[in-house]
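Geometric and topological summary
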Amino acid sequence: MTLYARFAAHLDAALDALVLDGELPAGVDRAGVAVEPPRDASHGDLATNAAMVLAKRAGTNPRALAGLIGPKLEALAEVQAAEIAGPGFINLRLAPHVWREELGAILTAGSDYGRSRAGHGVRVNVEYVSANPTGPMHMGHCRGAVVGDALASLLEYAGHQVTREYYVNDAGGQVDVLARSAHLRYVEALTGTEAVIPEGLYPGEYLKPVGASLAADYGDRFVDAPESEWLVPFRQAAVAAMMAMIRTDLALLGIHHDVFSSEAEVQAAGKPDAAVAALAAKGLIYEGELERPKSLDPHDEWEPVTLTLFKSTQFGDDQDRPVKKSDGSWTYFGADMAYHYQKAQAADQLIDIWGADHAGTVKRIKAAVAALTDGATPFDVKLVQMVQLLRGGEPVKMSKRSGNFVTLADVVEEVGKDVVRFTMLTRKAEAQMDFDFAKVVEASKDNPVFYVQYAHARIRSMQRKAAAEVADMPERADLSLLDAEELELIQLAAQFPRIVEAAASAREPHRIAFYLGDVAAAFHAQYNKGNDDPEKRFLVAHRPDLTRARLELAAAIGQIVRNGLGIMGVAAAEEMA
RNA sequence: GCGCCCGUAGCUCAGCUGGAUAGAGCACGAGACUUCUAAUCUUGAGGCCGCAGGUUCGACUCCUGCCGGGCGCGCCA
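Residues numbered from 1 in each chain as written. Chains lettered and ligands numbered in written order. Predicted model: local features only at pLDDT ≥ 70, side-chain atom pairs only at ≥ 80, totals over all residues. Heavy atoms only, no water.

**Quick look at the domain arrangement of chain A**
The accessible area lost on association of the parts is a frequent measure of interface size. Applied cut-off: Per the annotation, domain bounds derive from an automatic or database assignment of domains.
Under the domain assignment, chain A is made up of domain 1 (3-94), domain 2 (123-167 + 259-384), domain 3 (173-252) and domain 4 (448-568). One C-alpha centre belongs to domain 3, the other to domain 4, and the line joining them spans 54 Å.

**Focus on the packing of aromatic side chains**
Applicable threshold: Here a pair means two rings of Phe, Tyr or Trp (six-membered ring of Trp) with centres within 6.5 Å. Their orientation is stacked below 30 degrees between planes, edge-to-face above 60, and tilted elsewhere. Strands here are runs of E lasting at least two residues and helices are runs of H or I lasting at least four, both read from the DSSP assignment and numbered beginning at the N terminus. Exposure classes here rest on a 1.4 Å probe applied to the protein chains alone. A residue is buried below 20% of its type maximum, exposed above 50%, and partly exposed in between.
A full pass over the atoms with the stated rule returns 17 aromatic pairs. Here the aromatic rings of Y157 and F496 are separated by 6.4 Å at their centres, their planes lie at 65°, and the arrangement is edge-to-face. Residue Y157 is found in helix α5 (residues 139-157), and its partner F496 is found in helix α18 (residues 496-506); the two are separated by 339 residues along the sequence. A relative accessible area of 7% means that Y157 is categorised as buried. Relative accessible area serves as the criterion here: at 0%, F496 is assigned to the buried category. By way of ring pairs, the aromatic residues Y186, Y218, F222, W230 and F234 are connected into one cluster.

**So, the protein's contact with RNA strand B**
As a reminder, the rule being used: In this text, near means that some heavy atom of the residue lies within 4 Å of the molecule or strand in question. Any pair of N or O atoms that falls within 3.5 Å is considered a polar contact. Within protein, one atom must be able to donate a hydrogen and the other to accept it, and sequence-neighbouring residues count only if both atoms are side-chain atoms. Any residue outside Ala, Val, Leu, Ile, Met, Phe, Trp, Tyr, Cys, Pro, Asp, Glu, Lys and Arg is labelled polar, Gly included; the first ten of those are nonpolar and the last four are charged.
The local shell around RNA strand B holds 64 residues, among which K56, Q174, L290, V305 and Y454 are the closest. In RNA strand B, atoms within 4 Å of the protein come from the sugar-phosphate backbone in 54% of cases. E430 places a polar main-chain atom, nitrogen or oxygen, 3.4 Å from a sugar or linking oxygen of RNA strand B. Contacts to RNA strand B include A443, whose backbone N or O atom sits 2.6 Å from a sugar or linking oxygen. Sort the elements by how many residues they give to the surface near RNA strand B and helix α19 (residues 510-532) lands first, with 6 residues. Residue composition of the surface near RNA strand B, by class: 26 nonpolar, 21 polar and 17 charged.

**Quick word on empty space enclosed by the protein**
Here is the rule we go by: Here a cavity denotes a set of grid points, spaced 1 Å apart and computed over the protein atoms alone, in which a 1.4 Å probe fits but from which it cannot get out, and a pocket denotes an open set meeting protein on both sides within 12 Å along at least five of seven lines; residues with an atom within 4 Å of a point are reported as lining. Grid points are joined across faces, edges and corners, and a volume is the space filled by probe spheres set on the points.
Within the structure shown, the criterion is met by 2 cavities of 30 Å³ or more. Its boundaries defined by the atoms lining it, the largest cavity holds a volume of some 60 Å³. Around the largest cavity, the lining residues are V147, K382, M424, L425, R427, K428, A429, E430, R507, E508, P509 and H510. Here the lining of the largest cavity is composed, by residue class, of 5 nonpolar, 1 polar and 6 charged. Along its surface, the second largest cavity is lined by F7, H10, L11, V35, T48, L73 and L92. Ranked by the residues each element gives to the lining of the second largest cavity, the list is headed by helix α1 (residues 3-20), at 3 residues.

**A short note on the pattern of salt bridges**
So the rule is basically this: By definition here, a salt bridge exists when the distance from a side-chain nitrogen of Lys or Arg to a carboxyl oxygen of Asp or Glu is within 4 Å.
With the rule as written, the count across this model stands at 30 salt bridges. Between D418 and K417 there is a salt bridge; the shortest N-O distance is 3.6 Å. Its salt-bridge partner being R460, residue E574 comes within 3.0 Å of it at the nearest N-O pair. With E574 in the segment after α20 (544-568) and R460 in helix α16 (residues 448-469), this pair connects stretches of sequence that are 114 residues apart. Where salt bridges share partners, they join D149, E156, R164 and R421 into one cluster.

**Examining the environment of L250**
The test is simple: Any pair of residues with heavy atoms lying within 4.5 Å of one another is described as a contacting pair.
Mapped onto the elements of the fold, L250 is located in helix α8 (residues 227-252). With 114 residues separating them in the primary sequence, L250 and P136 have C-alpha atoms 9.9 Å apart. Other than its neighbours up to four places away in sequence, L250 contacts V129, M137, A145, Y166, I255 and H257.

**Overview of the packing of helix α13 (residues 408-415) against helix α14 (residues 417-424)**
Here is the rule we go by: Here an axis means a line fitted to C-alpha atoms, over the contact stretch when the element is a helix, while the angle between two N-to-C directions is reported on a 0 to 180 degree scale. For classification purposes, an angle smaller than 35 degrees is called roughly parallel, one larger than 145 roughly antiparallel, one from 65 to 115 roughly perpendicular, and anything else oblique.
Packing of α13 against α14 brings their axes to within 6 Å, and their N-to-C directions diverge by 110°. The orientation of α13 with respect to α14, classified from their angle, is roughly perpendicular. Here α13 contributes V411, V412 and V415 to the contact with α14, which in turn contributes K417, V419 and V420. In the contact of α13 with α14, the residues fall into 5 nonpolar, no polar and 1 charged.

**Side note on the layout of surface pockets**
Considered as a void within the structure, the second largest pocket measures approximately 910 Å³ in volume. Residue lining of the second largest pocket: 30 residues in total, with P37, P38, A41, G44 and D45 positioned closest to the centre. For the lining of the second largest pocket, the secondary structure elements donating two or more residues are β2 (46-48), β4 (89-94), α4 (96-109) and α17 (484-493). For the lining of the second largest pocket, the element with the most residues is α17, which contributes 5 residues. The residues that make up the lining of the second largest pocket include at least three from each of domain 1 (3-94) and domain 4 (448-568).

**With respect to the packing of α19 against α20**
Quick note on the threshold: Two helices cross in a left-handed way if the nearer one is turned anticlockwise from the farther one by less than a right angle. They cross in a right-handed way if the turn is clockwise.
For the pair α19 and α20, interaxial distance at closest approach is 10 Å and the crossing angle is 160°. The angle between α19 and α20 falls in the class roughly antiparallel. Of the two elements, α19 crosses α20, and the hand of that crossing is left-handed. The segment α19 lies against α20, with I512, A513, Y515, L516, V519 and F523 engaging I557, I560, V561, G564, L565, I567 and M568. Residues of the contact of α19 with α20, tallied by class, amount to 12 nonpolar, 1 polar and no charged.

**Some details on the sheet that holds strand β1 (residues 35-36)**
For the record, the criterion: Only when DSSP finds a minimum of two bridges between them are two strands counted as paired.
Spatially, 4 strands are ordered β1-β2-β4-β3 in an open sheet, and the strand pairing comes out antiparallel. Looking along the sheet, the strands with just one partner apiece sit at the ends: β1 and β3 (79-85). Across 2 bridges, the pairing between β1 and β2 is antiparallel. Bridging from a neighbouring strand, V35 pairs with T48 of β2.

**Overview of the side chain of R185**
One can find R185 in helix α6 (residues 173-191). The residues contacting R185, other than those within four sequence positions of it, are E194, A195, I197, P203, G204, E205, L207, K208 and G211.

As structure tokens, this is what we get:
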């Protein structure tokens, strides 16, 4: 049980006691009552809004109610003082031994400190990356990949059962384009003359090995053959090669999905038919025409066509959406909706991580999931904004036409996995972000990646040196030697479990990064006090007992940093380069 | 025209799902330090939280309407 849960229980007991005493009516709804650290540390260690929330329901006023609750809490051994403040807050100042015990709890729990069962084992499917299998991962995919992966870890840490899933879009027109592009490289491999890649096909060099491999497999039999003979095998081979490359790229970031689902297989298994039948049974499918798109110029031509439509407007969409094209094949949406239906059968909740450029299609897929599951499966789409790549403040030039984009592999090679992952989590997902190659590797306190890593490395450094610098340290630490300033670090560290829970329920992994920045800053500040006053150093040669206690404190801070970085998928630095 | 996201210190951004006097870094002002505990430290100033209403004990946070910026809006994927 976390410290916060414990005090919530204390508060409940105090309220129960007031009911028994006849001071408080029985059966008052306690929803909304919280025990939290106050924003302003001068207000104490913990504060509760109980009196303000319950006063009206109990037919009294906040300060009067606080006057009843306060003394009950003050009577606890763990509480040094309970003060009523402001409109009716009850501020608690905890006994120092509470923080000393929490320090021990951090070290005892180790890598599990902060792990919780708040998620109750709920099965959550997180779908992320799902980049089209037409080329290597580039930086456009990177942020969604990191955010999705960190979110999955965060949810796991908070007690959910998580499936990490990748949807392979191997059924649309762009994989045919891929197959044709591979065919050109195939001919190139056989003839040895540089292929000319026409506009609209994929020009990237990464298809050369695919062409060579196809040449080795098939010889020259498809050089002049009609497309209908080679399109399917070339497509399969090319997609497989692209997926292998994408998996390799993802592995560079430490990302490994549990499930790869193929759009082609979803279609081949008849899933879209089943989904449409299910919707039709609810009266949500009809034959109709789409309105003329608003984005068209007035003089552009528009021919209305009768299509199979899903009544997504009944679930908040702006217009009904086609599930089939006029040629009878499935639209992307038709298959995607069936795919989400499939995911919903093996999970209690669904989360998709999408790039912001797909924002316009959120409503239709949410409508489809709501319709197919009768609203029983919570479904979130998290939109991740684009990343602008900079180098020393100057935008990095990229040209999609020439296939000259910055690949994820290039970036990881240049700055490292940990820097990429941490940096991608230093903004909330829906805020735009700059990624400056120069700044993310800067060794200064302006760079949160560095500052957090440095804190951990410093702790490791002092642990390595401790025995050599301070002789005769006692076996057991006497934590009562720690002063109030030092215990404040533990107060901050003790917030980790609730940060994890809040971040998980808000589905915002960036909160972990910001919290670690706070922890690092607080640690560095404490450490820096040793510059002015040698007695405040962590390692004090003539005070083995004090050193021992401070090492315990440092170890706890290091543990928090490691646990937080672990959720983010970032390795903690043992030393700075 | 419609939809989504954003609007917080000069700049870049947090703000713990509605709490108390809205925070941090950079930049700016003033001090300190000259270092093998290094990749600085302390401190100060800086705000109509885009605007206007509403909800309530209480709003940066929730609702409505405006203003400003970005993105998106055929049967593409």
